[in-house]
Amino acid sequence: MKSRAIGLLALLPAALTLTMITPLGSGIATLRAQSGLTGQFPPTESRETRKVGDIIAVPVQGNIYMLVGAGPNLTASVGPQGMLLVDTGERAAADKLIAALRVLSPQRPLQFIINTEFGEDHTGGNAAVAKFGRRITDGPNAQAVILAHENVLTRMSRNNGADHERPVVEWPTDTFFAQRKELYFNGEAVQVYYEPGRTDGNSIVFFRKSDVISAGAVYNTKTFPAIDVAEGGSINGVIEALNEILDLAVPANNVEDGTIIIPSEGRLSDELDVAVYRDMITIIRDRVADAIKRKQTVQQVLADKKMTLEYEDRYGGAGTKWTRDKFLQAVYQSLTTKSE
Amino acid sequence: MLNVSRHTKLLVAVLVLLCLIPLTQRKVVAQRGQQTPILDIQGMWNHNNLMTEERATLINAVGGGAKIGDYTGFPLNEAGRQQADSWMAARLELPEHQCHPHPAQYSLWGPGNFRISNIYDPLSDRIIGMRLQGTFGRADRVFWVDGRPHPPEYDRHTWGGFSTAVWDGNMLTVDTDHLKEGWFSRNGITTSDSATMREHYIKHDNYLTVVFFVNDPEKLAEPFIRTTQAVYDPTTVLNAQECQPFNTNVINADQPRGYVPHFLPGKNDQLKAFAETFGVPIEAARGEDKTLYPEYMVEIKKWAQAHEKTAPTTNETREKPATASRQAASAIK
């Protein structure tokens, strides 16, 4: 037994070592993790939001919510008159969106839809969501008004050979052709500015009392702008639209807060975020314009990595549908067409 | 026999207890991390008088503020370097760029005193966070210690970012994300809005040391790591919080709407001035990651020796390295 005791005593240093290594090991693990912070935290909400199925309604300020999960970000004004919705998202997400709208405004109807773009990702839910609303008439044909610039209707109603580009039930019911359309809803002025950029049908929507701008497709925080030159888009149009947003927005202290901008993709923004994006687009535009001035071809522009070097990981990297090359081609094409 | 058996049992019990100690310690640390600060770092901290010596020396040497083309000590990657090269100071005059504070990625390294105070849960009276106020431009921050998660991707980014913190032994470890794009230095060295940061706050008597790591693969070849210090000083005064109304854009007044001041790639003729004026190898001034390490001093010495051989003996001391630097600079566009 004496030898057994001695044997156990021999284990004592090992046990002591174990007790000392564990906290030290934790320290080393901490040090190792110090430069690799990404992905440590689950992407969960830290403030009050309303989640209905896959749709997340993020309160912005005043009457305004940003709706996430129906394709691009959507904007909803919710108040005593009911709802006004900016864009309707993807067609496949329409039912989920309607379920969320029911929760956001259980008593008051959806009265207005404003389309900021004719692309299917922004207008795919038009038919179903408009039918869920009520403005034009009561009864079986009741639906919400769908308001857009006339170019949205022009593009959606054009003949593609066999039929109209988009079903009639998805078309805007009310269009405007001036630079601005105004209405007053839920106790505040709502101004729709025609700002052609990604295509010739873009608008931005300014909720004046809530101090929120729904930027539509001309601004996002994830990718270069997906300019469609064939559909009337242009780089200078995008820049002009961004400058318009900057003119309308007023930041609070330290160029932070104040007017809030809802992008078509990505995160809620303030004026400075838009300025950073505007700067980036303008600088790239200037570089391409300089290359064109020096008689460079589009292939030469694409081959010049300095054109977008400091921005492409952020806005045109792996995983983005709208790549750096597509963007540069659009910029080049846009700047070399006669209208520019 | 009985005595031996008793000894054996005693030994086994001791061993079991010893083995349990690490588990107990871990649990205690976790509990502390959740709720209870081990160390009180509240108070007014004077930072201006204790900036790292070489940093203060450099700032004083160049006349307060970073010089164009001075990227020394920054592990910039190609993208970060090009962004700095294209930067033009007139951009800060644009109305939407006025009143930038130092962002959290930089604020504790730049000048500016600060105050740390606890935030208490009104019901339980437990500490749920700490507020850090002050620094240049007042990008005030909150470190949440109540275990709350970081915000989702669609939430806003701010100058101060979103921070959670845990007590790790005798230091407070803070993790921050949701930061705005800002500067590492006001000469175009940019930190992106994808950057994340880890800080360690360590108190020694009346001194507070902060070690911070900024991880920004978009702009940096490797994490940016620095330390800074502050001393407890109840008489410290903080910078003003307000910065408005915004000024008229005078510098760019004759430019068209939407003008963004910048240099086209290869067109910034000011980039070599810092290296030439201060006798720094152009390679070091360009901010490569290899220049951060002690081993790079060997290269510096070689550069200095090469210069000694080639420099004219009649020149003044300040001009000697500058001459060699010009030679090196001429090889780089």
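Scoring rules and cut-offs
Residues numbered from 1 in each chain as written. Chains lettered and ligands numbered in written order. Predicted model: local features only at pLDDT ≥ 70, side-chain atom pairs only at ≥ 80, totals over all residues. Heavy atoms only, no water. Helix = DSSP H or I, 4+ residues; strand = E, 2+ residues; numbered from the N terminus. Contact = heavy atoms within 4.5 Å. Areas by Shrake-Rupley, 256 points an atom, 1.4 Å probe, with all protein chains shown as cover. Phe/Tyr/Trp six-rings, centres within 6.5 Å; stacked < 30°, edge-to-face > 60°. Buried < 20%, exposed > 50% of the residue type's maximum accessible area, 1.4 Å probe, protein only. Domains from an automatic or database assignment. Buried area = accessible area lost by both parts, 1.4 Å probe. Polar contact = N/O pair within 3.5 Å; in protein donor to acceptor, adjacent residues only side chain to side chain. Nonpolar A, V, L, I, M, F, W, Y, C, P; charged D, E, K, R; others polar. Axes fitted to C-alpha atoms, helices over the stretch in contact; angles between N-to-C directions. Parallel < 35°, antiparallel > 145°, perpendicular 65-115°, else oblique. Left-handed = near helix turned anticlockwise from the far one by under 90°. Pairing = 2+ DSSP bridges. Salt bridge = Lys/Arg side-chain N within 4 Å of Asp/Glu carboxyl O. Core = buried A, V, L, I, M, F, W, Y, C linked by side-chain atoms within 4.5 Å.

Further remarks concern the overall build of chain B. In terms of regular secondary structure, chain B is built from eight helices and 11 strands. Looking at chain B alone, contacts between residues at least 24 apart form 61% of all its contacts between residues at least 6 apart. When the accessible area of chain B is evaluated, it comes to approximately 16200 Å², of which 55% is carbon and sulfur surface.

This part takes up the overall build of chain A. Looking only at helices and strands, one finds 10 helices and 13 strands in chain A. A sequence separation of at least 24 residues applies to 60% of the contacts in chain A between residues at least 6 apart. About 14500 Å² of surface is accessible on chain A, with carbon and sulfur atoms providing 53% of the total.

The next point concerns the packing of aromatic side chains. All names here are of chain B. Applying the stated criterion across every chain, the model contains 15 aromatic pairs over all chains. Ring centres 6.0 Å apart and planes at 85° place the aromatic pair Tyr-106 and Trp-109 in the edge-to-face group. When its relative accessible area of 7% is taken as the criterion, Tyr-106 is described as buried. By relative accessible area, which is 8% here, Trp-109 ends up buried. A centroid spacing of 5.2 Å and a plane angle of 35° characterise the contact between Phe-274 and Phe-278, whose relative ring orientation is tilted. With Phe-274 and Phe-278 both in helix α5 (residues 273-278) and four residues apart, this pair spans about one turn of that helix.

Attention now moves to unusual backbone geometry. Backbone geometry at Thr135(B) places phi at a positive 65°, although glycine is not the residue there. Tracing the backbone shows Thr135(B) in the loop between β3 (127-134) and β4 (141-144).

Residues and elements named next belong to chain A. Counting through the fold element by element, Arg-155 comes out in helix α5 (residues 150-157). Residue classification places Arg-155 among the buried residues on the basis of a relative accessible area of 16%. When sequence neighbours within four positions are dropped, the list of residues in contact with Arg-155 reads Phe-118, Glu-165, Asp-200, Ala-230, Glu-231 and Gly-232.

So, on to the domain arrangement of chain B. Residues and elements named next belong to chain B. Domain annotation for chain B reports domain 1 (43-232) and domain 2 (273-331). Listed per partner, the contact involves 16 residues of domain 1 and 11 residues of domain 2. Interface area lost by domain 1 to domain 2 is led by Thr-72, Arg-81 and Glu-222, which between them contribute 37%. At the boundary of domain 1 with domain 2, the tally comes to five residue pairs in polar contact (both at pLDDT 80 or more). Considering only residue class, the side of domain 1 that touches domain 2 consists of eight nonpolar, three polar and five charged.

Before going further, it helps to spend a moment on the packing of helix α7 (residues 271-293) of chain A against helix α10 (residues 324-336) of chain A. Residues and elements named next belong to chain A. Packing of α7 against α10 leaves a shortest axis separation of 10 Å and a crossing angle of 60°. In terms of orientation, α7 lies oblique with respect to α10. Here the hand of the crossing between α7 and α10 comes out right-handed. Of α10, the residues touching α7 (which contributes Ile-281, Ile-284, Arg-285, Val-288, Ala-289 and Ile-292) are Phe-327, Leu-328, Val-331, Tyr-332, Leu-335 and Thr-336. Among the residues making up the contact of α7 with α10, the classes are represented as 10 nonpolar, one polar and one charged.

This next bit is on the sheet that holds strand β11 (residues 224-232) of chain B. Residues and elements named next belong to chain B. One closed barrel accounts for nine strands, arranged β1-β2-β3-β4-β5-β6-β9-β10-β11; its pairing is mixed. For this sheet, the mean angle separating the axes of adjacent strands, direction not counted, is 30°. Where strand β6 (residues 171-177) and strand β9 (residues 196-204) come together, six bridges link them in antiparallel fashion. Each bridged residue has a counterpart across the sheet, and for Leu-172 the counterpart in β9 is Tyr-201.

Residue and element names in this part refer to chain A. Spatially, β1-β2-β3-β4-β5-β6-β7-β8 is the arrangement adopted by the eight strands of the open sheet, whose pairing is mixed. Of all the strands in the sheet, just β1 (50-52) and β8 (174-176) have a single pairing partner and so form its edges. Each adjacent strand pair in this sheet contributes to an overall mean axis angle of 20°, direction not counted. Two strands pair when backbone bridges link them, and strand β7 (residues 145-149) and β8 are joined in this way by three bridges, in the parallel orientation. Bridge pairing in β8 places Ala-148 opposite Thr-175.

Moving on, we come to the pattern of salt bridges. Inspection of the entire model under this criterion finds 37 salt bridges over all chains. Its salt-bridge partner being Asp273(A), residue Lys180(B) comes within 3.1 Å of it at the nearest N-O pair. Of this pair, Lys180(B) sits in the loop between β6 and β7 (182-185) while Asp273(A) sits in helix α7, which puts the two residues in different chains. The exposure classification of Lys180(B) matches that of Asp273(A), with both residues buried. Arg278(A) is paired through a salt bridge with Glu96(B); the nearest N and O atoms lie 2.4 Å apart. With Arg278(A) in helix α7 and Glu96(B) in the loop between α3 (78-86) and α4 (104-107), this residue pair bridges two chains. Each member of the pair, Arg278(A) as well as Glu96(B), carries the same accessibility label: buried. It is possible to trace a salt-bridge network through shared partners that takes in Asp257(A), Arg267(A), Asp270(A), Asp273(A), Arg314(A), Arg156(B), Lys180(B) and Asp193(B).

Turning our attention to the packing of helix α6 (residues 235-248) of chain A against α7(A). Residue and element names in this part refer to chain A. Where α6 contacts α7, the axes come no closer than 10 Å and their chain directions differ by 155°. On the basis of their axis angle, the class for α6 and α7 is roughly antiparallel. Between α6 and α7 lies a crossing of left-handed hand. Residues Ile-235, Asn-236, Ile-239, Leu-242, Asn-243, Ile-245 and Leu-246 of α6 form the contact with α7, whose participating residues are Glu-271, Val-274, Ala-275, Tyr-277, Arg-278, Ile-281, Thr-282 and Arg-285. Residues that form the contact of α6 with α7 fall into these classes: nine nonpolar, three polar and three charged.

All names here are of chain A. Val-288 and Phe-327 are the most contacted members of the largest nonpolar core, which has 43 residues in total. Those elements giving two or more residues to this core turn out to be β11 (203-207), α6, α7, α8 (298-303) and α10. Tallying contributions element by element places α7 first for this core, with nine residues. The residues touching Phe-327, leaving out its near neighbours within four places in the chain, are Phe-224, Pro-225, Ile-227, Ile-235, Ile-281, Ile-284 and Trp-322. If you look at the next biggest cluster of nonpolar residues, it comprises 25 residues, including Ile-114, Val-145, Leu-147 and Ile-262.

Mapped onto the fold, Ile202(B) is located in strand β9. Excluding anything up to four places from it in sequence, Ile202(B) contacts Asn170(B), Met171(B), Tyr207(B), Leu208(B), Thr209(B) and Val211(B).

With that settled, the discussion passes to the pairing of strand β10 (residues 207-215) of chain B. Residues and elements named next belong to chain B. By the criterion of burial, β10 is predominantly enclosed, with eight of the nine residues buried. Sheet topology note: the β9/β10 ladder contains nine bridges and is antiparallel. Looking at the pairing, Met-197 lines up with Val-214 of β10. Turn length for the β9-β10 hairpin, with the two strands adjacent in sequence and antiparallel, is two residues, and the turn residue Asp-205 shows positive phi of about 50°.

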